[in-house]
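Read off the chains here:
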Amino acid sequence: RRSWLPNGRRQSRRAGRAATVTPALAEALGRARYIYLTTYSQAGKPGTVPTWCWLHDDALYFTTQRASLKAKRIQNIGRVTVHVGRKDGPAFEGHADLVDDRPDLEGAILTAYRRKYWILVPLWMGRYIRKGLRAKTSVLIRILPSLPI
């Protein structure tokens, strides 16, 4: 069950963390084709890349190669900044982590990607993502929003 917080924010209780997503942010994430994800090195140096996304249960998910720099930074630090839609779009801070052994989420993200990116996923990317997740060369990433900025 979700409880409502002031200013229309929803709070979900998962794994001892409270994550908040405003209705406006949820709407923007639903419309956005991309997010611009900033990950941070141990020295604090930022790196920003565009990526696809899927909003599910107040968390944002995407897939990436397990050996990618963003996956390594997330595994080491976990701190991320997300800009929705464009580099100067609505933004929030969050904590990201790798999600392993969740075939239900892996299947759901592929279904969501098929609907959202209806040309690329059925023609090519869907097979590439599915094979990577199955072979464990790709990984599912979950971002729990913490602060709007």
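My aim in this report is to walk through the structure given alongside it, one point at a time. Nothing here was measured: the structure is a model prediction, and the numbers come from that model. (Residues numbered from 1 in each chain as written. Predicted model: local features only at pLDDT ≥ 70, side-chain atom pairs only at ≥ 80, totals over all residues. Heavy atoms only, no water.)

### Points about the overall build of the chain
- For the chain, the count of helices and strands is 4 helices and 10 strands.
- Starting at the N terminus and ending at the C terminus, the chain contains elements arranged as β-β-β-α-β-β-β-β-α-β-β-α-α-β.
- Residues counted as buried form 46% of the 149 residues belonging to the chain.
- Put simply, 64% of the contacts in the chain that link residues at least 6 apart link residues at least 24 apart.
- Carbon and sulfur atoms form 55% of the exposed surface of the chain, whose accessible area is close to 8400 Å². (Helix = DSSP H or I, 4+ residues; strand = E, 2+ residues; numbered from the N terminus. Buried < 20%, exposed > 50% of the residue type's maximum accessible area, 1.4 Å probe, protein only. Contact = heavy atoms within 4.5 Å. Areas by Shrake-Rupley, 256 points an atom, 1.4 Å probe, with all protein chains shown as cover.)

### Let's talk about the environment of Tyr-117
- Take Tyr-117: it is sitting in the loop between helix 3 (103-116) and helix 4 (120-135).
- With a relative accessible area of 3%, Tyr-117 lands in the buried category.
- In sequence terms Tyr-117 and Arg-33 are 84 residues apart; their C-alpha atoms lie 8.0 Å from each other.

### Re a positive patch on the surface
- Among the surface-exposed residues, Arg-114, Arg-130, Lys-131 and Arg-134 lie close enough to one another that they form a single positively charged patch.
- Ranked by the residues each element gives to the positive patch, the list is headed by helix 4, at 3 residues.
- Mapped onto the elements, Lys-131 comes out in helix 4. (Patch = residues over 30% accessible without salt bridge, like charges linked within 9 Å, V, L, I, M, F, W, Y side chains within 5 Å. Salt bridge = Lys/Arg side-chain N within 4 Å of Asp/Glu carboxyl O. Lys, Arg positive; Asp, Glu negative; His and termini not counted. Charge placed at Lys NZ, Arg CZ, Asp CG, Glu CD.)

### As for helix 2 (residues 69-76)
- Within the span of helix 2, buried status applies to Lys-70, Ala-71, Arg-73 and Ile-74. Considered in projection along helix 2, the buried side chains sweep an arc of 165° and stay on one side of the axis. Of the residues in helix 2, the exposed ones pointing more than 90 degrees away from the buried face are Leu-69, Gln-75 and Asn-76. (Arc of directions from axis to C-beta.)

### Observations concerning the pairing of strand 9 (residues 91-99)
- Counting buried residues in strand 9 gives 7 out of 9 residues, a clear majority hidden from the surface.
- Between strand 8 (residues 79-84) and strand 9, which pair antiparallel in sequence order, lie 6 residues; one of them, Gly-85, sits at a positive phi of approximately 85°. (Pairing = 2+ DSSP bridges.)

### What about the nonpolar core?
- One finds Leu-60, Tyr-61, Val-82, Val-84, Phe-92 and Ile-143 to be the most contacted residues of the largest nonpolar core, which totals 32 residues.
- Among the elements of the structure, helix 1 (23-31), strand 4 (35-40), strand 7 (59-65), strand 8, strand 9, helix 3 and strand 10 (138-148) are those that each provide at least two residues to this core.
- Considering each element in turn, this core owes the most residues, 5 residues, to strand 10.
- Once residues lying within four places of it in the same chain are set aside, the contact partners of Val-82 are Ile-35, Tyr-36, Leu-37, Leu-60, Pro-90, Ala-91, Phe-92 and Ile-143. (Core = buried A, V, L, I, M, F, W, Y, C linked by side-chain atoms within 4.5 Å.)

### Details of the environment of Leu-60
- Its place among the elements puts Leu-60 in strand 7.
- Among the residues examined, Leu-60 registers a relative accessible area of 1% and is labelled buried.
- Spatially, the C-alpha atoms of Leu-60 and Leu-144 are 6.6 Å apart, while their sequence positions differ by 84 residues.
- The residues contacting Leu-60, other than those within four sequence positions of it, are Leu-29, Ile-35, Cys-53, Trp-54, Leu-55, Val-82, Phe-92, Ile-141, Arg-142 and Ile-143.

### Side note on the pairing of strand 4
- Counting buried positions along strand 4 yields 6 of 6 residues, so the element is predominantly enclosed.
- Burial of strand 4 is two-sided: the residues Ile-35, Leu-37 and Thr-39 facing one way and the residues Tyr-36, Thr-38 and Tyr-40 facing the other way are all buried.
- Between strand 4 and the antiparallel strand that follows it, strand 5 (residues 46-51), lie 5 residues; Gly-44 among them carries a positive phi value of about 95°.
- Relative to strand 8, strand 4 runs antiparallel, the two being bridged by 5 bridges. Across the sheet, residue Thr-38 finds its bridge partner in strand 8, namely Thr-81.

So yeah, pure geometry; function would need other evidence.
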